[in-house]
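# Analysis of the macromolecular model
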Amino acid sequence: MNNTQFTPRVFSGIQPSGGLTLGNYLGAIKRFVDMQNQGDFQTVYCMVDLHAITVWQDPAALRRNTRELAAGFIASGISPEKSILINQSAVPEHAQLGWIFSCVARMGWMSRMTQFKDKAGKNAEASSLGLFAYPALMAADILVYHATHVPVGEDQKQHLELTRDIAAKFNHDYGVDFFPEVEPVIEGAATRVMSLRDGSKKMSKSDPSDASRINMTDDADTIAKKIRKAKTDPDALPSEAEGLKDRPEARNLVNIYAALNEQTVEQVLAEVGGQQFGTFKPALAELAVSKLSPISTEMARLMDDVGEIDKLLANGALQAREITAPILKKTYEIVGMVG
Ligand code: TYM
């Protein structure tokens, strides 16, 4: 399969299922902004509300979280002039292609998804059918744009491999060269930001402990306090990355520092090697506050005028459908539906 026939296009999405964390920011949004500004791609970013309801969402909270996520995108630097910003349910072709892909994907593939196993927990029987089918809709989100590149955090890697499998099976079954081979873009120092309380667990909005994460809406004092209390070990920081190998908590804080300051881990360690956490943590807190506070202030300002956010999203949906409607129409023709 040769991708040269496709327009270089980026697609990525975030669930509006609660507040944004530093993990979402460093692993995803900050890199969405970079790819937007790089200018090599057309960029499409999405609030995936259809994915959010695979687990229960209170309707009023979903409405608010979707707008707040849009505000988070814009406040972080996603420009509605440079990128297409949409809410998934406002572009019906996502769900329509999602159904076709549910008929392409195999039960066996879906049951191997670790995210499903984690989210369904011990009681898979009681989880929604949507939670099981989740990755087929995710593949549709991407492929309904013929997107070629997808920036995500490490935890989405398996879903993107499945997206490639679905595209390949569709192309093979129907004897076409229609869907591209998607490139996952999992890069930088913070592709997996860990909990501040446990270096073996991912930082997550669903962790019961608020101290485990930095929320994009946390104020400066809260951010500083959470970093001060972050779990660490008693040793000084090493001067080389090799020295972080068996020190997950130390590695996490250094990774966060590097990603926020747009440095490599090696550059950070060259500066802070030999420091105790008593010195490093306040420096990290200061850096985090200086980068995150302007974003949370701007998010709050944008949330004062939700009418403006709704207008931007309505416009984004119109732009998106110019891409998705012809791709869906062609898919229907390939499948044999009278179009
Ligand atoms: P979601 O909403 O769980 O997370 C959104 C993005 O944030 C990244 N992320 C992290 N990165 C680093 N460290 C962390 N601790 C961390 N936590 C979250 C995720 O990797 C992701 O990039 N299935 C997706 C949403 C989705 C999607 C798509 C993504 C739906 N359709 C199409 C890409 C393309 C999800 O649940 O992300």
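Procedures and definitions
Residues numbered from 1 in each chain as written. Predicted model: local features only at pLDDT ≥ 70, side-chain atom pairs only at ≥ 80, totals over all residues. Heavy atoms only, no water. 1 Å grid on protein atoms, 1.4 Å probe; cavity = no way out; pocket = protein on both sides within 12 Å on 5 of 7 lines; lining within 4 Å. Points joined across faces, edges and corners; volume = space filled by probe spheres on them. Helix = DSSP H or I, 4+ residues; strand = E, 2+ residues; numbered from the N terminus. Nonpolar A, V, L, I, M, F, W, Y, C, P; charged D, E, K, R; others polar. Buried < 20%, exposed > 50% of the residue type's maximum accessible area, 1.4 Å probe, protein only. Axes fitted to C-alpha atoms, helices over the stretch in contact; angles between N-to-C directions. Parallel < 35°, antiparallel > 145°, perpendicular 65-115°, else oblique. Left-handed = near helix turned anticlockwise from the far one by under 90°. Contact = heavy atoms within 4.5 Å. Pairing = 2+ DSSP bridges. Right-handed = clockwise from strand over helix to strand, strands pointing away. Near = heavy atom within 4 Å. Polar contact = N/O pair within 3.5 Å; in protein donor to acceptor, adjacent residues only side chain to side chain. Areas by Shrake-Rupley, 256 points an atom, 1.4 Å probe, with all protein chains shown as cover. Sits in = over half its atoms within 2 Å of the grid points. Domains from an automatic or database assignment. Buried area = accessible area lost by both parts, 1.4 Å probe. Salt bridge = Lys/Arg side-chain N within 4 Å of Asp/Glu carboxyl O.

### A word on empty space enclosed by the protein
- This structure, assessed with the given rule, holds four cavities of 30 Å³ or more.
- In this model, the largest cavity occupies a volume close to 60 Å³.
- Along the walls of the largest cavity sit M113, Q115, F116, K119, L131, F132, Y134, P135 and H159, which together make up its complete lining.
- Elements represented by at least two residues in the lining of the largest cavity include exactly helix 6 (114-120) and helix 7 (129-143).
- The element that contributes the greatest number of residues to the lining of the largest cavity is helix 7, accounting for four residues.
- The residue makeup of the lining of the largest cavity, split by class, is six nonpolar, two polar and one charged.

### With respect to the environment of A189
- By the element assignment, A189 lies in the loop between strand 5 (183-185) and helix 9 (220-229).
- Classification of A189 as partly exposed rests on a relative accessible area of 22%.
- For the pair A189 and D40, spaced 149 residues apart in sequence, the C-alpha separation works out to 22 Å.

### Here we look at the packing of helix 4 (residues 93-104) against helix 7
- Following both chains from N to C, one finds helix 4 and helix 7 inclined at 125°, their axes separated by 8 Å at the closest point. Here helix 4 is positioned oblique relative to helix 7, judged by the angle of their axes. As for the relative orientation of helix 4 and helix 7, their crossing is right-handed in sense. Every residue of helix 7 that contacts helix 4 at H94, A95, L97, G98, F101 and S102 is listed here: A133, A136, L137, A139, A140, D141 and L143.
- Class assignment for the residues of the contact of helix 4 with helix 7 results in nine nonpolar, three polar and one charged.

### Focus on the environment of P59
- In this fold, P59 is placed in helix 3 (residues 59-76).
- On the basis of relative accessibility, which here comes to 45%, the residue P59 falls in the partly exposed class.

### Structural notes on the pairing of strand 1 (residues 9-14)
- The element strand 1 is extensively covered by neighbouring structure, given that five of its six residues are classed as buried.
- Direction of pairing for strand 1 relative to strand 2 (residues 42-47): parallel, over a ladder of six bridges. Bridging from a neighbouring strand, F11 pairs with V44 of strand 2.
- Crossover handedness for the path strand 1 to helix 1 (residues 22-38) to strand 2: right-handed.

### Digging into the site of the ligand
- Around the ligand lies a shell of 27 residues, among which Q15, Y134, D141, D155 and V193 are the nearest.
- Within the side chain of D155, a nitrogen or oxygen atom sits 2.4 Å from an oxygen atom of the ligand.
- Within the backbone of M203, one N or O atom sits 3.0 Å away from a nitrogen atom of the ligand.
- For the ligand, whose free accessible area comes to 710 Å², the fraction covered by protein is 97%.
- In this structure, the ligand is accommodated by the largest pocket.
- If you list the elements that add at least two residues to the shell around the ligand, you get strand 1, helix 1 and helix 7.

### Focus on the layout of surface pockets
- A volume near 1200 Å³ is recorded for the largest pocket.
- Lining of the largest pocket is provided by 44 residues; of these, Q15, Q115, D155, Q156 and K202 occupy positions nearest its centre.
- Breaking the lining of the largest pocket down by element, the ones donating at least two residues are strand 1, helix 1, helix 2 (49-52), helix 6, helix 7 and strand 4 (149-151).
- Ranked by residues supplied to the lining of the largest pocket, first place goes to helix 1 with five residues.
- Approximately 400 Å³ is the volume found for the second largest pocket.
- In terms of lining, the second largest pocket is formed by 17 residues, of which the most central are S102, L129, A133, Y134 and A136.
- Counting only elements with at least two residues in the lining of the second largest pocket, the list comes to helix 4, helix 5 (107-111) and helix 7.

### Considerations on the domain arrangement of the chain
- Taken domain by domain, the chain comprises domain 1 (9-191 + 305-335) and domain 2 (210-301).
- When each unit is reduced to the centre of its C-alpha atoms, the spacing between domain 1 and domain 2 is 29 Å.
- At the junction of the two partners, domain 1 supplies 14 residues and domain 2 supplies 17 residues.
- The contact between domain 1 and domain 2 buries some 1300 Å² in all, and 74% of this surface belongs to carbon and sulfur atoms.
- The largest share of the area that domain 1 buries against domain 2 comes from L22, A75 and A189, three residues that together contribute 39% of it.
- The interface formed by domain 1 and domain 2 includes one salt bridge.
- K30 is the salt-bridge partner of E262, the closest N and O atoms lying 2.6 Å from each other.
- Taken together, domain 1 and domain 2 are joined by three residue pairs in polar contact (both at pLDDT 80 or more).
- Those elements that place two or more of their residues in the side of domain 1 that touches domain 2 are helix 1 and helix 3.
- Examining the composition of the side of domain 1 that touches domain 2, we find that five residues originate from one element, helix 3, more than from any other.
- Residues of the side of domain 1 that touches domain 2, tallied by class, amount to eight nonpolar, three polar and three charged.

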